[in-house]
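One-letter residues, chain by chain:
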Amino acid sequence: MDQVEHRLLNDYQRDFPLEPRPYARIADELGLCEDEVLARLADLQARGTLSRIGAVVRPNTVGASTLAAMAVPAERLEVVAALVSAQPEVNHNYEREHAFNLWFVVAAADQTAVQATLESIAAETGLPVLDLPLQTAYHIDLGFDLQCP
Amino acid sequence: MPVDATDRRLLAAIEDGLPLVPQPYAAVARRLGLDEADVLARLRRLRAGGIISRFGLVVRHHELGYRANAMAVWNVPDAQVDDMGRRLAAYDFVTLCYRRPRRLPNWPFNLFCMVHGCDRDTVCEQIARLNAEQTLASLPHEVLFSRRRFKQRGARYFMKTDVPARGVA
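Since we're looking at a predicted model, the values are computed, not measured.

(A) Examining the overall build of chain A more closely. When you go through chain A residue by residue, the secondary structure sums to 5 helices and 6 strands. The order of α-helices and β-strands along chain A, N terminus first, is α-α-α-β-β-α-β-β-α-β-β. Counting only residues that meet the buried cut, chain A has 32% of its 149 residues in that class. Restricting to contacts in chain A with at least 6 residues of sequence separation, those with at least 24 account for 58%.

(B) Geometry of the environment of L136 of chain B. Residues and elements named next belong to chain B. The topology assignment puts L136 in the loop between helix 5 (120–133) and strand 5 (141–151). You can call L136 buried: it has 20 C-beta atoms within 10 Å. Along the sequence, L136 and K151 sit 15 residues apart, while their C-alpha atoms lie 32 Å from each other. Apart from the residues lying within four places of it in its own chain, the contact partners of L136 are W74, L130, N131 and H141.

(C) Looking closely at the interface of chain A and chain B. On the side of chain B, 67 residues touch chain A, which itself brings 65 residues to the contact. Here the side of chain A that touches chain B is composed, by residue class, of 37 nonpolar, 17 polar and 11 charged. Examined bridge by bridge, strand 3 (residues 90–96) of chain A and strand 5 of chain B share 3 bridges and lie antiparallel to one another. Residue pairing for strand 5 of chain B: N93 of chain A is matched across the bridge by K151 of chain B.

(D) View of the domain arrangement of chain A. Taken domain by domain, chain A comprises domain 1 (3–46) and domain 2 (64–132). The centre of domain 1 of chain A, based on its C-alpha atoms, is set 36 Å off from the matching centre of domain 2 of chain A.

(E) Spatial organisation of the sheet that holds strand 5 (residues 130–132) of chain A. Here 9 strands make up an open sheet; going across it, the order is 5(A)-2(A)-4(A)-3(A)-5(B)-2(B)-4(B)-3(B)-6(A) and the pairing antiparallel. The sheet terminates laterally at strand 5 and strand 6 (136–139) of chain A, the two strands that pair on one side only. For this sheet, the mean inter-axis angle between neighbouring strands, taken without regard to orientation, is 30 degrees. One ladder, built from 7 bridges, connects strand 2 (residues 68–74) of chain B with strand 4 (residues 111–117) of chain B; its direction is antiparallel. Paired with N69 of chain B across the strands is H116 of chain B, a residue of strand 4 of chain B.

(F) Spatial organisation of the packing of helix 1 (residues 5–13) of chain B against helix 2 (residues 24–32) of chain B. All names here are of chain B. Remark: helix 1 packs on helix 2, axes separated minimally by 10 Å, with the N-to-C direction vectors making an angle of 120 degrees. Here helix 1 is positioned oblique relative to helix 2, judged by the angle of their axes. Of the two elements, helix 1 crosses helix 2, and the hand of that crossing is right-handed. Within the contact between the two elements, helix 1 uses R9, L10 and A13 and helix 2 uses V28, R31 and L32. Here the contact of helix 1 with helix 2 is composed, by residue class, of 4 nonpolar, no polar and 2 charged.

(G) Structural view of the domain arrangement of chain B. Domains assigned within chain B are domain 1 (5–58) and domain 2 (62–145). Using only C-alpha atoms to locate each centre, domain 1 of chain B and domain 2 of chain B end up separated by 34 Å.

(H) Up close: helix 5 of chain B. All names here are of chain B. Between the first and last C-alpha of helix 5 there are 20 Å, a value that for 14 residues agrees with the 20 Å anticipated at 1.5 Å per step. Those residues of helix 5 lying buried are V123, I127 and L130. Considered in projection along helix 5, the buried side chains sweep an arc of 50 degrees and stay on one side of the axis. More than 90 degrees from the buried face of helix 5, the exposed residues found are D121, E125, A128, R129, A132 and E133. Buried positions along helix 5 lie against strand 2, helix 4 (78–89), strand 4 and strand 5. Looking one or two places after helix 5, you find T135, whose phi comes out positive at around 45 degrees.

(I) Here's a closer look at the nonpolar core. Counting 34 residues, the largest nonpolar core has I14, L57 and V59 of chain B as its most contacted members. Considering every element that reaches this core, the biggest residue donor is strand 1 (residues 52–59) of chain B, with 5 residues. Aside from chain neighbours lying at most four places away, what touches I14 of chain B is G54 and A55 of chain A together with V28 of chain B. Of all hydrophobic cores here, the second largest spans 23 residues; its members include W74, M84, F112 and L136 of chain B.

(J) Spotlight on unusual backbone geometry. With an omega of 10 degrees, the peptide bond between L104 of chain B and P105 of chain B qualifies as cis. Along the chain, the position of P105 of chain B falls in the loop between strand 3 (94–99) and strand 4.

Cut-offs used in this document
- Residues numbered from 1 in each chain as written.
- Chains lettered and ligands numbered in written order.
- Predicted model: local features only at pLDDT ≥ 70, side-chain atom pairs only at ≥ 80, totals over all residues.
- Helix = DSSP H or I, 4+ residues; strand = E, 2+ residues; numbered from the N terminus.
- Buried ≥ 20, exposed ≤ 12 C-beta atoms within 10 Å, placed from the backbone.
- Contact = placed C-beta atoms within 7 Å.
- Nonpolar A, V, L, I, M, F, W, Y, C, P; charged D, E, K, R; others polar.
- Pairing = 2+ DSSP bridges.
- Domains from an automatic or database assignment.
- Axes fitted to C-alpha atoms, helices over the stretch in contact; angles between N-to-C directions.
- Parallel < 35°, antiparallel > 145°, perpendicular 65-115°, else oblique.
- Left-handed = near helix turned anticlockwise from the far one by under 90°.
- Expected span 1.5 Å × (residues − 1).
- Arc of directions from axis to C-beta.
- Core = buried A, V, L, I, M, F, W, Y, C linked by C-beta atoms within 7 Å.

So, in structure tokens, the structure goes:
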């Protein structure tokens, strides 16, 4: 990763310019041209490092979401994980080292839609689903500092 | 703060990301039948009001070298959990810290922290530090490292039928 990529990824996670030509503003700050900034961002996105540029919405303000967990027998994990990932309401879906080995986040317009997704996953897999909605946020998503080698 | 129907349409329109064009807010405004100044004013208001907790690049931590991703969980007495949650959130290596309900008998844990680190040893040391400094070691606790990532993208709270398709010039 070169210095321009590092600054693009590190410096604009929280306060991306809210002005008519944000990429021109960033170009100005980094000593580049606007089209170079756009090309670099498109490249980072194509490589998967950049997910998107946008809003991270505070939980429980618009829409509804929950964290869910399942204890899936090892031999069924891939199939169940694929079924879970196929739900449009599921955004993150991870295997973790635990008897509860499948963890995913469900987000939708309202609580009814979230519950319907959990029920549908439970019904299709025949496995119980733990519903672990957020009750209190002590620290929310503020982005990542780039510090790994 | 109030969030009106137009705010919701706007948040829905940018859920997949701001377009990579010189005037992205104008492009979003056109899709919604708004003007650029209105889109910018709404985003600034949602940001200032805390509905948008951050606005900017959303990166994939794994691709940035954060290969060790642990969810540490504790069973903290209800009377102490808020205080403990605030203490843990103050550590710079704790990226998320939430209270969630217990689901007995199989899930007795109510305090969740995410620790993302460059390698597993470092993350284990950081969690050990939380346990030692905050005298959490005597409480039931577990650490769940992530193994495989099956899916990762932004949340989609909205029905896409509310928003015209993008990609139309």
